[in-house]
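Chain residues, written in single-letter form:
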Amino acid sequence: MRTALLQSSGRPGSTAENLKVLDEAAGRAAAAGAGLLVAPEMFLTGYAIGDDIGRLAEPADGDGADAIAETATRYGLAIAYGYPERAGETVFNSAQLISADGTRLANYRKTHLFGCFERDHFAPGEQPVVQAQIDGVRVGVLICYDVEFPENVRAHALAGTDLLVVPTAQMHPFQFVAESMIPVRAFENQMYVAYVNRVGQEGEFEFVGLSTLAGPDGVARTRAGRGEELVFADVDPAFLAASREANPYLRDRRPGLYGSLI
C-alpha cells in the first residue's frame, strides 16, 4: 500500500485553509497511486493556537470530519489526520482515520500528553490500541509523544498492527526521535511506522520536519527534509511477513519476567 506523508503545518488557526491544503495534497497523493494519506498532529486547526483550541475543537463526527470524508471519497484514498476533539466539556488531542469511501474507521485520543501546553489544553485518552483495516493492512494509530514510550508500540505489535501511523508535532531539539528512534521502534516491533511531522516556527515551537516511514528492517523507506513536502513510501505485506518470520523478538519474549515493569 503506497502511503503519502504530508509534512506541513498548514495554516494555524484556520480550519478552512487547512482543509484546502489537505484536499490539494490528497489529489497529488492519489495521482501518485497512494492508498493512504497521513497528515500531522492537530493538522485540522494548527497546534500552537492557545485558547483557540477550545473554540475550534469539534466532535469526531463534526464538520471537519465530514469535509475530509468528502475529500477521501473524491480521490479514493484513506486519510489520517490530527485534530482537537470535543466530547462534551472535554477536549482531547486526537487523530482520526477515514476510509476511501468516507467511513470513519478509527479515532484515537493521545494517551501521553507532552509538556504544560498539552496538559493545560487536553485531557489524556485512555485507550492505548486503536486499529482499523485498510486494503488488508492492519493500521494502528498513536500521536507524537506516545511513540516514545516503548510499551505503547509493543502493545500495537502484540495486537498485530502492521502499519503504525503517528501524526506528530515534533519540535527542536528532539529531532533524534525521527532520525533514530522511529527506525528502531519499527525494527524491534516488526512493523512499519509512519511518523508525520509539522514544520517551521509556530508560536513558541520550532517543528523540525524529518517525517519518515520506516520498515521492519529498521530502514527508512522515505525521509522528508525541513520544509513542506509530500513524500511517499510503500508498505509491503509480503516483506513484513518474511521479516517477522526471520526476526525472533516477539517470539523470544518472556512476559513472566516483566511484571515489575507495571
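For the structure, see preceding data.
Each chain carries its own residue numbering, running from 1 in the direction its sequence is written. Side-chain atom pairs in this predicted model are given and counted only at pLDDT of 80 or more, local residue features only at pLDDT of at least 70, and totals for whole chains, interfaces and linings cover all residues. To obtain the side-chain values, all non-hydrogen atoms of the structure were used and water was disregarded.

Considering the packing of helix H1 (residues 15-31) against helix H3 (residues 63-75)
This is how it is decided: The angle between two axes is taken between their N-to-C directions and runs from 0 to 180 degrees, where each axis is a line fitted to C-alpha atoms and a helix contributes only its stretch in contact. Labels follow the DSSP assignment, with helices taken as runs of H or I lasting at least four residues and strands as runs of E lasting at least two, numbered in each case from the N terminus. By the definition adopted for this analysis, an angle is roughly parallel if under 35 degrees, roughly antiparallel if over 145, roughly perpendicular if from 65 to 115, and oblique otherwise. By definition, any crossing whose near helix is turned counterclockwise from its far helix by less than a right angle is left-handed, and any crossing with a clockwise turn is right-handed. We call two residues in contact whenever any of their non-hydrogen atoms come within 4.5 Å of each other. In the scheme used here, Gly and all other residues not listed as nonpolar or charged are polar, with Ala, Val, Leu, Ile, Met, Phe, Trp, Tyr, Cys and Pro taken as nonpolar and Asp, Glu, Lys and Arg as charged.
In the contact formed by H1 and H3, the axes pass within 10 Å of each other and the chain directions differ by 20 degrees. With respect to their mutual orientation, H1 and H3 come out roughly parallel. Judged by the sense of rotation from one axis to the other, the crossing of H1 with H3 is right-handed. Between H1, through Leu19, Leu22, Asp23, Ala26, Gly27 and Ala30, and H3, the contact on the second element is made entirely by Gly64, Ala67, Ile68, Thr71, Arg74 and Tyr75. Here the residues of the contact of H1 with H3 are counted per class, giving seven nonpolar, three polar and two charged.

Points about the sheet that holds strand S8 (residues 163-167)
What links the strands of a sheet is backbone hydrogen bonding, and the strands pair in either a parallel or an antiparallel sense. Applied cut-off: Strands pair, by our definition, only if DSSP identifies at least two bridges between them.
The strand order across the open sheet built from six strands is S6-S7-S8-S9-S12-S13, with neighbouring strands paired in mixed fashion. Pairing within the sheet leaves two strands with one partner each, and these edge strands are strand S6 (131-134) and strand S13 (220-223). This sheet shows a mean twist of 20 degrees between the axes of neighbouring strands, independent of strand direction. In the sheet, S6 pairs with strand S7 (residues 137-141) via four bridges, with the strands oriented antiparallel. Following the sheet pairing, Ala132 is matched in S7 by Val139.

Details of a negative patch on the surface
Applied cut-off: Patches here are clusters of residues that have more than 30% relative accessible area and form no salt bridge, with a 9 Å joining cutoff for like charges and a 5 Å cutoff for nonpolar side chains (Val, Leu, Ile, Met, Phe, Trp, Tyr). The Shrake-Rupley method, run with a 1.4 Å probe, gives the accessible areas here. Residue values count only the displayed protein chains as cover. One side-chain nitrogen of Lys or Arg within 4 Å of one carboxyl oxygen of Asp or Glu is enough to make a salt bridge. Under the convention used here, Asp and Glu are negative, Lys and Arg are positive, and both His and the chain ends fall outside the count. Taken as the charge location is NZ of Lys, CZ of Arg, CG of Asp or CD of Glu. Only protein chains enter the accessibility calculation, which uses a 1.4 Å probe; a residue is then buried when its area is under 20% of its type maximum, exposed when over 50%, and partly exposed in between.
There is a patch of like negative charges on the surface, built from Asp61, Asp63, Asp66 and Glu70. Residue position: Asp61 is located in the loop between helix H2 (52-56) and H3. The partly exposed category is assigned to Asp61, whose relative accessible area is 49%.

Quick look at the pairing of S8
Put simply, side chains in a regular strand alternate between the two faces of the sheet. Our working definition: We call a crossover right-handed when, viewed with the strands running away from us, the connection from the first strand over the helix to the second turns clockwise.
In terms of burial, S8 is largely enclosed, as five of its five residues are buried. Side chains of S8 alternate between two faces, with Leu163, Val165 and Pro167 and Leu164 and Val166 buried alike. In this structure, S7 lies alongside S8, joined through three bridges in parallel fashion. By the bridge assignment, Gly140 is partnered in S8 with Leu164. Running through helix H5 (residues 150-158), the crossover from S7 to the neighbouring parallel element S8 is right-handed. Across five bridges, the pairing between S8 and strand S9 (residues 192-196) is parallel.

Quick word on unusual backbone geometry
Following His172, the chain continues into Pro173 via a peptide bond in cis, with omega recorded as 10 degrees. With respect to the helices, strands and loops of the structure, Pro173 is situated in the loop between S8 and helix H6 (176-189). Of note in the backbone geometry, Gln190 takes a positive phi value of approximately 55 degrees without being a glycine. Relative to the helices and strands, Gln190 is located in the loop between H6 and S9. Of note in the backbone geometry, Leu210 takes a positive phi value of approximately 60 degrees without being a glycine.

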